Amino acid sequence: MKIQAGQTAPDFKAVDIYGKQVRLSDFKGKKIAIGFFRNVNCPFCNRRVHQIMLNNISFKQKDVQLLFLFESPAETLKKSAFHRGISPWPLIGDPKKEIYDQYGVGTSMMGVVRTMLSADMKTANREAKELGLPAEKDKDASMSLLPADFFIDENFKIVKAHYGKHLDDHVDYNELLGFAGIENPFKKLHAVK
C-alpha cells in the first residue's frame, strides 16, 4: 500500500552498512529525506546520489537527515568506494525489501519500458562509469524496481511521497533542496539574461 502525504511516517529499524543501528523515529524533530534506490549498479540511482552529495555540507548545516536505501546487500554496497563515500548518512541495504514493502515501493515492467522511451541510457551509463561504480553486478537485484522519495517533517508526518514511474524518476532535485531550506545557487544563473 502506497504512503500518502499527511500520514505519520512508518517507523522502521535497520542496520546500516557499517553495522550501526538505525531507527527512523530517532530522527523525529528533524526534517528527514528518505531515498529508495534500486541497486549498487543502477546508473540513474548512483547519478542521483552523487548529485545529492554535492550539497552534503548544506544538508548538514540545515540539520536535515538523509537516509539512502538500496536493494543491494550491505556487503555489496561496502565493496563500492563510491557508496562508502555517502557516509555520514545512513546507507542501508535491504535485499529482502522489507522497508521497501513497508513504504509501498514496488516493481513495474511498464516502468522499465518508460525508461527506455524517456531516459538517456548512454549518458547515464557513461556518467556512472566516470563515478567508478563497481563492475561486479548485483545478481540478485530486481531489474524492474522503481525508485521512490519521501520527505518527513519534524513532527514525523509525510509531506511528500514520490513514487517513480520509471527507473530515472526521482523527486525533482530543486524540490528536495527546497524541502531542506537550501537555495540552489545555479537556479539564479538561468534567470540572468
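Structure first, text after, so check above.
Computed from a predicted structure; not experimentally measured.

Student: I tried to follow empty space enclosed by the protein on my own but got confused; where do I start?
Tutor: Taking a probe equal in size to a water molecule and rolling it over the atoms shows the remaining empty space. All told, the structure shown has one cavity of 30 Å³ or more when counted by the stated rule. Looking at the largest cavity, its volume works out to about 90 Å³. Ala 33, Ile 34, Gly 35, Ile 52 and Asp 149 are the residues nearest the centre of the largest cavity, which is lined by 14 residues in total. Sorting the residues of the lining of the largest cavity by element identifies strand S3 (31-36), helix H1 (43-53), strand S4 (64-70) and strand S6 (148-152) as the ones contributing at least two each. For the lining of the largest cavity, a count of residues per class yields eleven nonpolar, one polar and two charged.

Student: Can you help me understand the pairing of S4 in this one?
Tutor: Every other side chain in a regular strand lies on the same face of the sheet, so the side chains alternate between the two faces. Across the seven residues of S4, seven count as buried, placing the element largely inside the fold. Of the two faces of S4, the one carrying Val 64, Leu 66, Phe 68 and Phe 70 and the one carrying Gln 65, Leu 67 and Leu 69 are both buried. Two strands pair when backbone bridges link them, and S3 and S4 are joined in this way by six bridges, in the parallel orientation. If you follow Ala 33 over to S4, its bridge partner there is Leu 66. Bridge count between S4 and strand S5 (residues 91-93): three bridges; the pairing is parallel.

Student: For this particular structure, what's the right way to read the pattern of salt bridges?
Tutor: Between side chains of opposite charge, a pair can form as their charged atoms come close. Applying the stated rule across the entire model yields five salt bridges. A salt bridge links Asp 63 to Lys 30, with the shortest nitrogen-to-oxygen separation between them at 3.2 Å. Residue Asp 63 is located in the loop between helix H2 (56-61) and S4, and its partner Lys 30 is located in the loop between strand S2 (21-23) and S3; the two are separated by 33 residues in the primary sequence. Note on Asp 63: relative accessible area 41%, which makes it partly exposed.

Student: Sorry if this is basic, but what is going on with the sheet that holds strand S7 (residues 158-163) here?
Tutor: Sheets are built from strands that pair by backbone hydrogen bonding, the pairs being arranged parallel or antiparallel. Taken in spatial order, the five strands of this open sheet run S5-S4-S3-S6-S7, and their pairing is mixed. This sheet does not close on itself; its edge strands, each paired only once, are S5 and S7. Neighbour-to-neighbour, the strand axes of this sheet turn through a mean angle of 15°, independent of strand direction. Here S3 runs beside S6; their pairing, made up of five bridges, is antiparallel. Residue Gly 35 lies in a different strand from S6, and its bridge partner there is Asp 149.

Reading the values: rules and limits
Residues numbered from 1 in each chain as written. Predicted model: local features only at pLDDT ≥ 70, side-chain atom pairs only at ≥ 80, totals over all residues. Heavy atoms only, no water. 1 Å grid on protein atoms, 1.4 Å probe; cavity = no way out; pocket = protein on both sides within 12 Å on 5 of 7 lines; lining within 4 Å. Points joined across faces, edges and corners; volume = space filled by probe spheres on them. Helix = DSSP H or I, 4+ residues; strand = E, 2+ residues; numbered from the N terminus. Nonpolar A, V, L, I, M, F, W, Y, C, P; charged D, E, K, R; others polar. Buried < 20%, exposed > 50% of the residue type's maximum accessible area, 1.4 Å probe, protein only. Pairing = 2+ DSSP bridges. Salt bridge = Lys/Arg side-chain N within 4 Å of Asp/Glu carboxyl O. Axes fitted to C-alpha atoms, helices over the stretch in contact; angles between N-to-C directions.

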